Amino acid sequence: MKIIKDHKFQFFSLLILFFILNFLQSSITLLFEDEAYYYVWSKDLAFGYFDHPPMVALWAAIGQFFSEGELGVRMLSAVSFSTMVWLIWSMIDLKDKWNHVILFFLLIVSLAFWQVFGFIMTPDTPLLLFSALFLLAYKRFLDKDSIFNTLLLGFAMAGMLYSKYHGILVIVFVVLSNLKLFRKPRFWMASIFGFVLFVPHLLWQYENGFPSFIYHLKERNKKPYNFGKTLLHFVNMIAIVGITFPVIYNAFLKQKTNNLFEKSLKYIVYGFFVFFLISTFSSEPQAQWVIVISIPLVLIVFPFLVRELKARRWLYILGLIQLAILLTARAFFAFPSISPVPLEPHLSMQWIPELKMKTESRPLVFVNNYSEASLYNFYTGVQTHSYSILKGRKSQYDLLDFEENMQGSNIYSVSKYKSDLPEIASRTGRIYYGKPIDNYHTFEKVKCVMDKNQLNIVQGLNTIEFTLTNDYERTIVFDHVDLVGVFQGSKNKIILTVPLQAAKIDPIEANEKRKITASFNLTEMPSSEMLTFRIALDFYKLMEGFQGNKVRVEIKNK
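Everything quoted here is computed from the prediction, not taken from an experiment.

Quick look at the sheet that holds strand β6 (residues 447–449)
Okay, so step 1: Strand order in the open sheet formed by 4 strands is β6-β8-β12-β11, and the pairing between neighbours is antiparallel. One side of each edge strand has no neighbouring strand; the edge strands of this open sheet are β6 and β11 (501–502).

What follows is the structure, given as structure tokens:
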């Protein structure tokens, strides 16, 4: 048929085919753990969340307006991916690009990680869409800085930042590629417009004590450096592309830039590579951190492949092999019965039904496990909470009313740490331990602050004083809770915990502050560089929380 040979028909047919494939995959694949966490966010829409900006929650909420279950959480993933592909195609200026539609879609398939973000819901899902929109707006802005293009540029800036903080890097590297933007009043207008749109999130951060910034900039980087982290960054750069990486990166390096827009694309790729290479000295890299570079890679590599027959042939060979691998992997994700090994989405059905039965459908308090608390809630509808401990990290469960909703309930604790408790469920690679707790009462958000910059300790008896602040709108009673002193070393590693002895603490009324004196005995001195001490509360022997501030420790001789 003549219409089949029409290149525009081919393009939109393949685009729709991609959408249908992602749509079906979204509906039949069980949720990943992080997706369940974002599902919990979507039930309480706000201008910010502990881990990320709010766009992923909004995306998940919009999808659930039209559908339920996994498809509802993920529906906008398929929409976002297809829209991003169309925006990328719109930015390609080659006169004969319509003669190479099949090549373009094979190039899209050749980016392995895109096949994942086409159907799962993560902050990278809207980030990729708004990054493509930003680059299109920037390209249009360079051609003509009209009011429409100016506002579109500012809107896309805000969209990237509302999706993921990595969006600021895209803006920075584009500006570095063209410093003359600072001379353009319309660029300042776009930036101010984007900033104004982003102000609600900044206000949310301020009102909540900047939890996201503190976590990402201070609390997240806990592990010491090793060369494996740097090596992993190089592996990630390969992984996001897949087995076609020799063709893709060779084409990227050989393709010359002809204008400011193409120069900005190169800056983004090199900038992300260098920035996250440097970050490996303080944090463990993740492949999705550099996923944004896949957009400029396509825009730069496609013209090279159109021009270079040898490279194009290799892309066809490797790309078709990768397509077969990816389709097989997607089938494994969707159908656990044919997968040779249990994959992450499959694991939930190993432990959730057993856990629900063993705990008699009681509300559950997961110790340091916000993702599995969310997953259990999604598949059972049972109320859950994630109890944050120093061995782990805080989460969105620390900001909202999850803890309050548990007060007075008969619950079960669920922990992977407390092996002295009964086993209540298991899955591949993990055993869950727990116990029933009747009339559960906690106050994890109280503050135990020592008003000093340094704590001098000696071997033997030590005395400390701190202010306990009850920020709750209720009286707290010190039943089923222990005062604990925690010594931490470099990267927040727990070196030693000691019980704190204090006079019986009477009930503390709402918003009351009280001075507490406590003591602890050291039979042996903790040794570590950058030693700090903090006070923590341990409810029901579930492990120590984040109540105290860290104070530097100086060891003294008697």
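A short note on the environment of Glu68
Okay, so step 1: Note that Glu68 resides in the loop between α3 (55–66) and α4 (69–91).
Okay, so step 2: On the basis of relative accessible area, Glu68 is assigned to the exposed category, the value being 71%.
Okay, so step 3: Considered as a pair, Glu68 and Ile16 are 52 residues apart in the sequence and their alpha carbons are 22 Å apart.

Details of the sheet that holds strand β13 (residues 532–539)
Okay, so step 1: Pairing is mixed across the open sheet formed by 5 strands, whose spatial order is β7-β14-β13-β9-β10. Strands at the two margins of the open sheet, each flanked by one partner only, are β7 (454–457) and β10 (494–499). Adjacent strand axes in the sheet meet at a mean angle of 40°, parallel and antiparallel pairs treated alike.
Okay, so step 2: Across 5 bridges, the pairing between strand β9 (residues 481–488) and β10 is antiparallel. Residue pairing for β10: Val486 is matched across the bridge by Thr497.

With respect to empty space enclosed by the protein
Okay, so step 1: The tally for this structure, following the rule as stated, stands at 2 cavities of 30 Å³ or more.
Okay, so step 2: Put simply, the largest cavity is a space of about 40 Å³.
Okay, so step 3: Elements that contribute at least two residues to the lining of the largest cavity include exactly α4 and α7 (124–143).
Okay, so step 4: Here the element with the most residues in the lining of the largest cavity is α4; it accounts for 4 residues.
Okay, so step 5: When grouped by side-chain class, the residues that make up the lining of the largest cavity number 5 nonpolar, 3 polar and no charged.
Okay, so step 6: Taken as a whole, the second largest cavity encloses approximately 30 Å³ of empty space.

Some details on the packing of α3 against α4
Okay, so step 1: For the pair α3 and α4, interaxial distance at closest approach is 6 Å and the crossing angle is 105°. Taken together, α3 and α4 sit at an angle that is classed as roughly perpendicular. Facing α3, whose interface residues are Trp59, Ala60, Ile62, Gly63, Gln64 and Phe66, α4 presents Gly72, Val73, Met75, Leu76 and Ser80.
Okay, so step 2: Class assignment for the residues of the contact of α3 with α4 results in 7 nonpolar, 4 polar and no charged.

Some words on unusual backbone geometry
Okay, so step 1: Phi at Ser361 takes a positive value of approximately 60°, unusual for a residue other than glycine.
Okay, so step 2: Checked against the element boundaries, Ser361 lands in the loop between α17 (344–358) and β1 (364–367).
Okay, so step 3: Accessibility expressed as a relative area gives 37% for Ser361, which makes it partly exposed.
Okay, so step 4: Despite not being glycine, Tyr540 shows a phi value in the positive range, around 55°.
Okay, so step 5: Classification of Tyr540 by relative accessible area gives buried; the value is 9%.

Describing helix α1 (residues 7–28)
Okay, so step 1: The end-to-end C-alpha distance of α1 is 32 Å, a good match for the 32 Å that 22 residues give at a rise of 1.5 Å each.
Okay, so step 2: All buried positions along α1 are accounted for by Phe11, Leu15, Phe18, Asn22, Gln25 and Ser26. Considered in projection along α1, the buried side chains sweep an arc of 105° and stay on one side of the axis. In this structure, α1 carries Ile16 and Leu17 as exposed residues pointing more than 90 degrees from its buried face.
Okay, so step 3: Buried-residue contacts for α1 involve α4, α5 (101–109), α6 (112–117) and α16 (309–334).

Examining the pairing of β1
Okay, so step 1: Burial of the side chains of β1 extends over both faces: Leu364 and Phe366 are buried on one face and Val365 and Val367 on the other.
Okay, so step 2: Taken together, the 4 bridges between β1 and strand β2 (residues 384–387) define a ladder with parallel strand orientation. Bridge pairing in β2 places Leu364 opposite Thr384.
Okay, so step 3: This β-α-β element, β1 to helix α18 (residues 370–380) to β2, shows right-handed connectivity.
Okay, so step 4: As paired elements, β1 and strand β3 (residues 411–415) share 3 bridges and run parallel to each other. When the sheet's bridge partners are listed, Leu364 is paired in β3 with Tyr412.

Some words on α4
Okay, so step 1: Over its 23 residues, α4 runs 35 Å from end to end, which matches the ideal 33 Å to within 8%, given 1.5 Å per residue.
Okay, so step 2: When you tally the buried positions in α4, you get 18 out of 23 residues, the bulk of the element.

What to know about the pattern of salt bridges
Okay, so step 1: All told, the structure shown has 14 salt bridges when counted by the stated rule.
Okay, so step 2: Arg393 is the salt-bridge partner of Asp51, the closest N and O atoms lying 2.6 Å from each other. Residue Asp51 is found in the loop between α2 (33–42) and α3, and its partner Arg393 is found in the loop between β2 and α19 (402–406); the two are separated by 342 residues along the sequence.
Okay, so step 3: With a relative accessible area of 4%, Asp51 lands in the buried category.
Okay, so step 4: Between Asp438 and Arg362 there is a salt bridge, with its nearest N and O atoms 3.2 Å apart. Taken together, the residues Asp438 in the loop between β5 (430–437) and β6 and Arg362 in the loop between α17 and β1 connect sequence positions 76 residues apart.
Okay, so step 5: We classify Arg362 as buried; its relative accessible area is 19%.
Okay, so step 6: Each of Glu372, Arg427 and Arg430 takes part in one network of salt bridges that share partners.

A look at the side chain of Thr230
Okay, so step 1: Relative to the assigned elements, Thr230 resides in helix α12 (residues 227–239).
Okay, so step 2: The class of Thr230 is buried, set by a relative accessible area of 10%.
Okay, so step 3: Once residues lying within four places of it in the same chain are set aside, the contact partners of Thr230 are Tyr225, Leu277 and Thr280.

A few points about the packing of aromatic side chains
Okay, so step 1: Evaluation of the coordinates by the stated rule reveals 52 aromatic pairs.
Okay, so step 2: Centre to centre, the rings of Phe276 and Trp289 are 5.7 Å apart; their planes meet at 35°, and the pair counts as tilted. With a gap of 13 residues between them, Phe276 in helix α14 (residues 260–279) and Trp289 in the loop between α14 and α15 (294–307) connect regions that are remote in the sequence. Per residue, the accessibility class of Phe276 equals that of Trp289, and both read buried.
Okay, so step 3: Three or more aromatic residues joined by ring pairs make a cluster, and in this case those are Phe11, Phe12, Phe18, Phe81, Trp89, Trp98, Phe104, Phe105, Trp114 and Phe302.
Okay, so step 4: A cation over a ring is seen here: Lys8 above Trp98, with NZ or CZ 5.5 Å from the ring centre.

About the criteria used
Residues numbered from 1 in each chain as written. Predicted model: local features only at pLDDT ≥ 70, side-chain atom pairs only at ≥ 80, totals over all residues. Heavy atoms only, no water. Pairing = 2+ DSSP bridges. Helix = DSSP H or I, 4+ residues; strand = E, 2+ residues; numbered from the N terminus. Buried < 20%, exposed > 50% of the residue type's maximum accessible area, 1.4 Å probe, protein only. Axes fitted to C-alpha atoms, helices over the stretch in contact; angles between N-to-C directions. 1 Å grid on protein atoms, 1.4 Å probe; cavity = no way out; pocket = protein on both sides within 12 Å on 5 of 7 lines; lining within 4 Å. Points joined across faces, edges and corners; volume = space filled by probe spheres on them. Nonpolar A, V, L, I, M, F, W, Y, C, P; charged D, E, K, R; others polar. Parallel < 35°, antiparallel > 145°, perpendicular 65-115°, else oblique. Contact = heavy atoms within 4.5 Å. Expected span 1.5 Å × (residues − 1). Arc of directions from axis to C-beta. Right-handed = clockwise from strand over helix to strand, strands pointing away. Salt bridge = Lys/Arg side-chain N within 4 Å of Asp/Glu carboxyl O. Phe/Tyr/Trp six-rings, centres within 6.5 Å; stacked < 30°, edge-to-face > 60°. Lys NZ or Arg CZ within 6 Å of the ring centre and 35° of its normal.

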